[in-house]
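What the coordinates show
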Amino acid sequence: MDVLHAVQTYAIKMVSSPSAIKVLLLDLHTTPIISLACTQSDLLTHQVYLTDRIDNNRRDRMPHLKCVCFLSPSEDSLEAVRRELCEPKYGEYYLYFSNVLSKSSIEQLAEADSYELVREIQEFFADYSPLLPYLFSLNHIPSPNAPLYGSSSTSWDPEALKRSVHGIAAVLLSLKKKPVIRYERMSVMARKLGSEIKKFTEDHASLFDFRPTQTAPLLLILDRLNDPVTPLLSQWTYQAMVHELLGIVNGRVDLSTVPDVQKELQEITLSPQTDPFYQRHLLSNFGDLGEALKAYVDSYQTKTATSTVIQTVADMKRFVEEYPEFRKLGGNVSKHVALVGELSRLVGRDNLLQISETEQNLVGAGGGHSNDLKTVQTLIASNIPPVNKLRLAMLYALRYQKNNSNAISSVVDLLVKHGLKEDEAKLVYVVLHLAGADQRQGDLFSDENIFSRGRSALKGLQGVENVYTQHKPHFLQMLEPLLKGRLKDTNYPFIDPPTTPASGISTPSSAANNATTQRPQDVIIFMVGGATYEEARAVAKLNTDAGSGTRILLGGTCVHNSSSFLHHLQSAVPALSSTVNSVPVLSPSAANPSSPSLNLQLGGIQVSMGGPGGTGVYRTPGEGGIAVQADGIRDGVMNLFGKVKQNVERLT
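Residues numbered from 1 in each chain as written. Predicted model: local features only at pLDDT ≥ 70, side-chain atom pairs only at ≥ 80, totals over all residues. Heavy atoms only, no water.

**Some thoughts on the nonpolar core**
- By size, the foremost hydrophobic cluster in this structure holds 163 residues, and its most contacted members are Leu 193 and Leu 569.
- Ranked by residue count, the leading element in this core is helix 6 (residues 158–175), at ten residues.
- Counting residues in hydrophobic clusters, the runner-up holds 20 residues, among them Leu 25, Cys 67, Tyr 90 and Tyr 93. (Core = buried A, V, L, I, M, F, W, Y, C linked by side-chain atoms within 4.5 Å. Buried < 20%, exposed > 50% of the residue type's maximum accessible area, 1.4 Å probe, protein only. Helix = DSSP H or I, 4+ residues; strand = E, 2+ residues; numbered from the N terminus.)

Pasting the structure below:
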């Protein structure tokens, strides 16, 4: 289940025929898809000497060239093709569309082809952006012009729903999968999307006529709002950090605002298939990254010293042969030094180490409500960027919404006092209305019962990485029983309804029954509202687990960083039923977190389970044992960051 390979296969097949010099025409939708799947060198290898947009009216007429078009079947693109065929600029046309083309559209194209220059029309289902072999995106970040929500916060905008259905259908068709479909029980939008995909597969049954497997593939549709925490956290792995702090858009990163950056590095490309260093370290944490970059630079310097020694004709020949690769290596080294240097600068400037530690306390075992509130208030009153203040306030509100002593309203007032506009500060209320305790499914903070509180409390003692990366994406709680064939259909129902055999006894369909009782071999997880690179990293680790036997693919309407997720929340405000000016009133069950308490004193460690959210394992005041361990861990990570910064400064 490699979406990058699937799209590459389509792209190469498109440009392989005819075997002649050709031009490739794309549209606004397909341009990023091809740029992620193919390099310019790949296209040149297949005699594509010109790539352009079909809506560019300034193209020259070149009848000696063949033309390959890869377009979305949207009305705008179809109209552009019809205009092109009425006034052709090339000798032959080969038309490929990224999704299902209606019969009426084909007839209209035939009518427009008055010069009979169209040699081929095909559907190649590459209607999504393949970011990584195990991650795809539909590139739909909600905005006023392209909303995700309809008339309410639980309904789809019709165009967004259509785009999601077609995008997921393209993924299924490109991978040749006809899955059973499950969804998160509390998400109306996930259920609606699953139903529409099911209808699409039935309406196009001939396209989905694949060889059946013993265990059907599974499409699991989740809702971003069931886990609003993950996109709000600071990130500490290379790819996720770059996206969080700088933004990755279709494999490109804009460094034009970086101080003293070289002109050729103002926009860089990050592609695992063409950048060996990035491929090896995109999932590495920031501490390991600094050491790896230093070794990379040392290797380049060694090769430089060797290449400068030219004493014989053989040395000259070797230098000429190695020069292109040597030059490419030099550019790659400069790119990563500049990139890691900017990440290092931003971490220091924005005080991200302290912010991240506070975030992890809020979403992990924590230090109790009063300590967390005090820390959040101190940071909001400091000079950190306003967006980081807002993220901390949201995390505090989500964590302590059910705590009777919470101070959410005063935290919102504090945001306004320290630099945020009132509308921005009220996004804290928006996230609670959209993704608060009453709207979520499952145990987001692992504090809903005595057993999950114990797990949450003890996981903070497991190792150095837990200081800044102890948070694990919420969907991992669901994947564990799923991979064992034990995922409850009461929480994740099937779209495929039960069938009633001749006996009159209602039983699940065979595909659904197998999916319930057997471990699935292929799982496609789609996140309505956007996935994250942290979740993609978790999927990558599961896929490399030799014992799992399951291949997992993650996708979403987009791939979020914290900024895009805040825009997502802002775009949902018009869909809310009333003006959002306060904390939503919880239902009685959610508002009463009391349960039997268990309090243990283990030397210098206080274990508290069964009380309000925020209890767990924490240092007992006045005791030094656990404090020494926690401080030592923190100092270790600080030293790692210091080494990264020191190495980058030395290289630059």
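**Some points on the environment of Asp 413**
- Of note, Asp 413 is situated in helix 15 (residues 408–417).
- Taking the C-alpha atoms as reference points, Asp 413 and Ala 425, separated by twelve residues in sequence, lie 7.8 Å from one another.

**Quick notes on the pattern of salt bridges**
- Counting across every chain of the model gives 22 salt bridges.
- Notably, a salt bridge pairs Asp 522 with Lys 177, separated by 2.8 Å at the nearest N-O pair. With a gap of 345 residues between them, Asp 522 in strand 12 (residues 522–528) and Lys 177 in the loop between helix 6 and strand 8 (180–183) connect regions that are remote in the sequence.
- Among the residues examined, Asp 522 registers a relative accessible area of 7% and is labelled buried.
- Given a relative accessible area of 14%, Lys 177 falls into the buried group.
- For the salt bridge of Lys 294 with Asp 298, the shortest nitrogen-to-oxygen distance reads 3.3 Å. A residue pair is termed a helical-turn pair when its members lie 3 or 4 positions apart in one helix, as Lys 294 and Asp 298 do in helix 10 (residues 286–307) at four residues.
- Given the relative accessible area of 26%, Lys 294 is considered partly exposed. (Salt bridge = Lys/Arg side-chain N within 4 Å of Asp/Glu carboxyl O.)

**Digging into the packing of helix 1 (residues 3–16) against helix 6**
- In the contact formed by helix 1 and helix 6, the axes pass within 10 Å of each other and the chain directions differ by 80°. Comparing their axes, helix 6 and helix 1 come out roughly perpendicular. Listed contacts from helix 6 to Val 3, Ala 6 and Tyr 10 of helix 1 are Val 171, Leu 173, Ser 174 and Leu 175. (Axes fitted to C-alpha atoms, helices over the stretch in contact; angles between N-to-C directions. Parallel < 35°, antiparallel > 145°, perpendicular 65-115°, else oblique. Contact = heavy atoms within 4.5 Å.)

**Let's talk about unusual backbone geometry**
- Put simply, Ser 17 and Pro 18 share a cis peptide bond, and its omega is 0°.
- For Pro 18, the position within the fold is in the loop between helix 1 and strand 1 (22–26).
- At Asn 139, a position not held by glycine, the phi torsion is positive, near 55°.
- The residue Asp 260 is not glycine, and still its phi comes out positive at about 60°.
- One can find Asp 260 in the loop between strand 10 (252–254) and strand 11 (267–269).

**Let's talk about the pairing of strand 6 (residues 129–132)**
- As judged from the three bridges shared by strand 6 and strand 7 (residues 135–137), these two strands associate in the antiparallel manner. What sits directly across from Leu 132, in strand 7, is Leu 135. (Pairing = 2+ DSSP bridges.)

**Describing helix 22 (residues 533–543)**
- Of all the eleven residues making up helix 22, eight are buried; the element is thus mostly covered by neighbouring parts of the structure.
- Every buried residue of helix 22 is accounted for by Tyr 533, Glu 534, Glu 535, Ala 536, Ala 538, Val 539, Ala 540 and Leu 542.

**A word on helix 6**
- With 18 residues, helix 6 should cover 26 Å at 1.5 Å per step; its first-to-last C-alpha distance of 26 Å lies within 8% of that length.
- Helix 6 sits mainly inside the fold: 14 of its 18 residues count as buried.
- Where helix 6 begins, the capping side chain belongs to Asp 157, and its oxygen is found 3.2 Å from the backbone nitrogen of Glu 159.
- Once helix 6 finishes, Lys 176 follows within two positions and takes phi at roughly 60°, a positive value. (Expected span 1.5 Å × (residues − 1). Polar contact = N/O pair within 3.5 Å; in protein donor to acceptor, adjacent residues only side chain to side chain.)

**Considering the side chain of Lys 335**
- If you trace the backbone, Lys 335 turns up in helix 11 (residues 313–349).
- Each residue touching Lys 335, except ones within four places of it in the same chain, is listed here: Leu 265, Ile 268, Thr 269, Leu 270 and Asp 275.

**Notes on the environment of Gln 354**
- Note on placement: Gln 354 falls in helix 12 (residues 352–363).
- In the structure, Gln 354 is positioned 25 residues away from Leu 379 in sequence and 8.9 Å away in space, judged by C-alpha atoms.

**Some details on a nonpolar patch on the surface**
- A cluster of nonpolar side chains, Ile 21, Leu 44 and Tyr 49, forms an exposed patch at the surface whose accessible area comes to about 300 Å².
- Tracing the sequence through the fold places Ile 21 in the loop between helix 1 and strand 1. (Patch = residues over 30% accessible without salt bridge, like charges linked within 9 Å, V, L, I, M, F, W, Y side chains within 5 Å. Areas by Shrake-Rupley, 256 points an atom, 1.4 Å probe, with all protein chains shown as cover.)

**Some words on the sheet that holds strand 7**
- The sheet built from six strands is open, its strands ordered 6-7-14-12-9-8 with mixed pairing. Across the chains shown, the open sheet's two edge strands, defined by having one partner strand only, are strand 6 and strand 8. Taken pair by pair, the neighbouring strands of this sheet meet at an average axis angle of 25°, ignoring direction.
- Relative to strand 9 (residues 218–223), strand 8 runs parallel, the two being bridged by four bridges.

**Some words on the confidence of the model for the protein**
- The predicted model of the protein has a mean per-residue pLDDT of 83, with 79% of residues at 70 or higher.
- Here helix 18 (residues 450–459) stands out as the element of the protein with the lowest mean pLDDT, 40, in contrast to strand 7, whose mean of 97 is the highest.
- The low-confidence segment residues 498–509 (pLDDT under 50) makes 13 contacts with residues lying over four places distant or belonging to another chain.
- Here residues 593–633 is a poorly scored stretch, pLDDT under 50, and it has 72 contacts once near neighbours within four places are set aside; other chains count. (pLDDT = per-residue confidence, 0-100.)

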